[in-house]
Amino acid sequence: VMKRVYMHCDVNSFYASVEEARLFPTLEGRPVAVRQRHLLVTTNHIARARGVPKMCSASEGLRLVPDLVVIESDMSRYRQAHRQLFDLLREMG
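Quick caveat: nothing in here was measured; it's all calculated off a predicted structure.

**Student:** I'd love a proper account of the packing of aromatic side chains, names of residues and values included.
**Tutor:** The final tally for this structure, using the stated rule, is one aromatic pair. Consider the rings of Tyr15 and Tyr78, whose centres lie 4.1 Å apart with planes at 10 degrees: the pair is stacked. With Tyr15 in helix 1 (residues 14-23) and Tyr78 in helix 4 (residues 75-92), this pair connects stretches of sequence that are 63 residues apart. A relative accessible area of 2% means that Tyr78 is categorised as buried.

**Student:** Go over a nonpolar patch on the surface with me, naming the residues and quoting the values.
**Tutor:** Taken together, the side chains of Met7, Leu88 and Met92 define a hydrophobic patch exposed on the protein surface, amounting to about 340 Å² of accessible area. Tracing the backbone shows Leu88 in helix 4.

**Student:** Outline the sheet that holds strand 2 (residues 39-43), supporting the account with residue identities and numerical values.
**Tutor:** In spatial order, the strands read 3-2-1-4; together these four strands make up an open sheet with mixed pairing. Two strands close off the open sheet at either side, each with one partner strand: strand 3 (56-57) and strand 4 (69-72). Sheet analysis places strand 2 next to strand 3, joined by two bridges and oriented antiparallel. Paired with Leu39 across the two strands is Ser57, which belongs to strand 3.

**Student:** Give me helix 4: which residues, what numbers.
**Tutor:** Between its first and last C-alpha atoms helix 4 spans 26 Å; for 18 residues at 1.5 Å apiece the expected length is 26 Å, and the two agree. When we look at burial in helix 4, the residues that qualify are Tyr78, Ala81 and Leu85. The buried side chains of helix 4 occupy one side of the element, clustering within an arc of 65 degrees when seen end-on. Residues of helix 4 that are exposed and point more than 90 degrees away from the buried face comprise Arg90 and Glu91.

**Student:** Quick one: what's the story with the pairing of strand 1 (residues 32-36), residue by residue and with numbers?
**Tutor:** In the sheet, strand 1 pairs with strand 4 via four bridges, with the strands oriented parallel. Bridge pairing links Val32 to Val69 in strand 4. Two strands pair when backbone bridges link them, and strand 1 and strand 2 are joined in this way by four bridges, in the antiparallel orientation. Each residue of the ladder has a partner; that of Gln36, found in strand 2, is Leu39. The loop that links strand 1 with its antiparallel partner strand 2 comprises two residues; one of these, Arg37, has a positive phi angle of about 60 degrees.

Parameters and conventions
- Residues numbered from 1 in each chain as written.
- Predicted model: local features only at pLDDT ≥ 70, side-chain atom pairs only at ≥ 80, totals over all residues.
- Heavy atoms only, no water.
- Phe/Tyr/Trp six-rings, centres within 6.5 Å; stacked < 30°, edge-to-face > 60°.
- Helix = DSSP H or I, 4+ residues; strand = E, 2+ residues; numbered from the N terminus.
- Buried < 20%, exposed > 50% of the residue type's maximum accessible area, 1.4 Å probe, protein only.
- Patch = residues over 30% accessible without salt bridge, like charges linked within 9 Å, V, L, I, M, F, W, Y side chains within 5 Å.
- Areas by Shrake-Rupley, 256 points an atom, 1.4 Å probe, with all protein chains shown as cover.
- Salt bridge = Lys/Arg side-chain N within 4 Å of Asp/Glu carboxyl O.
- Pairing = 2+ DSSP bridges.
- Expected span 1.5 Å × (residues − 1).
- Arc of directions from axis to C-beta.

Next up, the structure:
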């Protein structure tokens, strides 16, 4: 009998996590947001705790948290990190 294993992997702030890993330690402990055009498409947990929601305007995020680090999105970087994550998950399976 083959058993199935289900795993939930929360990647809600994935883009911000990729940037934090790439720029660590310069972003350690800092509020971070990733922008596409004029919207903050995601924020890290520090920024959210300080009141910056995802999907708000960049100007609103900076008004709420003046020291917010806003990084322009780079979809190629996120696609690469996504592939690495799923390769790792396949290896575990």
